[in-house]
Amino acid sequence: ADPFFLCVNFIKPHFPYASPRRHHDLFRPEDMQLPGNAHDWEDTPECNQRWAEKDLADPVIQRKAKELMADYYAAVSHADECVGLVIEQLRERGLWDNTIVVYTTDHGEMLFHHGLVQKFVFYDESARIPLIIRAPALPQERRGQSTEALTDLTDLLPTCLSLCGLGAEEALDGVDLSPVLRGKCEQVRQECYSIIGPRAMIRTERWKLCHYPKDEWQLFNCEADPAENTNLYNATCRDQEIVSLRSRLLRWQERSAE
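Residues numbered from 1 in each chain as written. Predicted model: local features only at pLDDT ≥ 70, side-chain atom pairs only at ≥ 80, totals over all residues. Heavy atoms only, no water.

## Observations regarding the pattern of salt bridges
Next up, step 1: Taken as a whole and judged by the stated rule, the model has 13 salt bridges.
Next up, step 2: Residue D124 pairs with R128 through a salt bridge whose shortest N-O separation is 3.7 Å.
Next up, step 3: On the accessibility criterion, D124 (18% relative accessible area) is buried.
Next up, step 4: Linked by salt bridges that have partners in common, R28, E30, D31, R63 and E67 make up one network. (Salt bridge = Lys/Arg side-chain N within 4 Å of Asp/Glu carboxyl O. Buried < 20%, exposed > 50% of the residue type's maximum accessible area, 1.4 Å probe, protein only.)

## Comments concerning helix α4 (residues 156-163)
Next up, step 1: For α4, the complete set of buried residues consists of L156, P158, T159 and L163.
Next up, step 2: Structurally, α4 contributes buried residues whose contacts are with β1 (101-104), β2 (131-134) and α5 (178-181).
Next up, step 3: Two residues or fewer after α4 comes G165, characterised by a positive phi angle close to 80 degrees. (Helix = DSSP H or I, 4+ residues; strand = E, 2+ residues; numbered from the N terminus. Contact = heavy atoms within 4.5 Å.)

## With respect to helix α7 (residues 240-256)
Next up, step 1: Over its 17 residues, α7 extends 24 Å from the first C-alpha to the last, a length consistent with the 24 Å expected when each residue adds 1.5 Å.
Next up, step 2: Buried residues of α7: I242, L245, R246, L249, W252 and Q253, and no others. Each buried residue of α7 lies within a common arc of 135 degrees when the element is viewed along its axis, so the set occupies one face. Within α7, the exposed residues directed more than 90 degrees away from the buried face are Q240 and E254.
Next up, step 3: Where α7 is buried, its residues touch β3 (192-196), β4 (199-203), β5 (207-212), β6 (216-221) and α6 (233-236). (Expected span 1.5 Å × (residues − 1). Arc of directions from axis to C-beta.)

## What about unusual backbone geometry?
Next up, step 1: Of the consecutive residues K12 and P13, the connecting peptide bond is found in the cis state with omega at 0 degrees.
Next up, step 2: Along the polypeptide, P13 turns up in the segment before α1 (21-24).
Next up, step 3: For the peptide bond that leads from F15 to P16, omega is 0 degrees, which places it in the cis range.
Next up, step 4: Following the sequence through the fold, P16 ends up in the segment before α1.

## Some words on the nonpolar core
Soluble globular proteins tend to pack their nonpolar side chains together in the buried interior.
Next up, step 1: Counting residues in each nonpolar core, the largest one holds 14 residues, and the members touching the most others are L34, M69 and F112.
Next up, step 2: With near-sequence residues (within four places) excluded, L34 lies in contact with L56, Q62, A65, M69 and F112.
Next up, step 3: Grouped together as the second largest cluster of nonpolar side chains are 13 residues, Y193, A200, I202 and W217 included. (Core = buried A, V, L, I, M, F, W, Y, C linked by side-chain atoms within 4.5 Å.)

## Digging into the environment of S178
Next up, step 1: Tracing the backbone shows S178 in helix α5.
Next up, step 2: Residue S178 is classed as buried on the basis of its relative accessible area, which comes to 3%.
Next up, step 3: A sequence separation of 46 residues divides S178 from A224, and the C-alpha atoms of the two residues are 29 Å apart.
Next up, step 4: Sequence-distant contacts of S178, that is, excluding residues within four places in its chain, are made with T159, S162 and L163.
Next up, step 5: Separated by 2.8 Å, the side chains of S178 and D176 make a polar contact. (Polar contact = N/O pair within 3.5 Å; in protein donor to acceptor, adjacent residues only side chain to side chain.)

## Details of the environment of P130
Next up, step 1: Within the secondary structure, P130 is located in the loop between α3 (124-127) and β2.
Next up, step 2: For P130, a relative accessible area of 37% corresponds to the partly exposed category.
Next up, step 3: Put simply, P130 and D106 are 24 residues apart on the chain and 9.1 Å apart in space, counted from C-alpha to C-alpha.

## As for the pairing of β3
Next up, step 1: Sheet topology places β3 next to β4; five bridges connect them, and they run antiparallel. Bridge pairing in β4 links S194 to M201.
Next up, step 2: Between β3 and β4, which pair antiparallel and follow one another directly, the connecting turn spans two residues, one of which, G197, has a positive phi of 60 degrees. (Pairing = 2+ DSSP bridges.)

Note that all results are geometric; they support no functional claim without further evidence.
Structure representation (structure tokens):
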């Protein structure tokens, strides 16, 4: 077969969450459980408190929240089915064994973690997205493996070029992740960044530092506090390591705005 590139984009799961009845009926609101920190929204950034301003302990509001959760999971189930149809066609056309497949998205969904919904913040539920890469060029023993390597979406182009046996002809923003996929190293970058409008984040193996409007900051120790419940910024903002993190983030944020 001739070489090809296919980019398939699904609108769902995305608000408003609507899905076919066969998926909708799989998830009942009464089976949904709000996150344990759904009521702990006092320290969340001011830029996103749509549901935090409501009383999730109120039965009527809680019912609406659980309905939204069920609708979201149904939309995810529908998207999974659509991905399966693409894979099915690759198999039927004899392309599966010689095709690189990348599954990812642009953002997550807070879904009432920290009392929030949608995105616009850098908690893991919003900013840490799925990335699954299936490539025939990878060694058999590496297939089905997971990694904690830092990466962001800019890494997809150089990684896919490498997996195709091609090199980048010009400088790219991203880093080739294929050495991690091949098991040759555990990390190819020391930090990664994210930005949405005036909001920005820097993430290392240990730290996540977030900068929001009105000069609002959040700092989380990703190793000791993976649920991101404790903002350490005020207590550690003068530490040399955090000063360096803040400086790198502000420089990157300034360049990104140019």
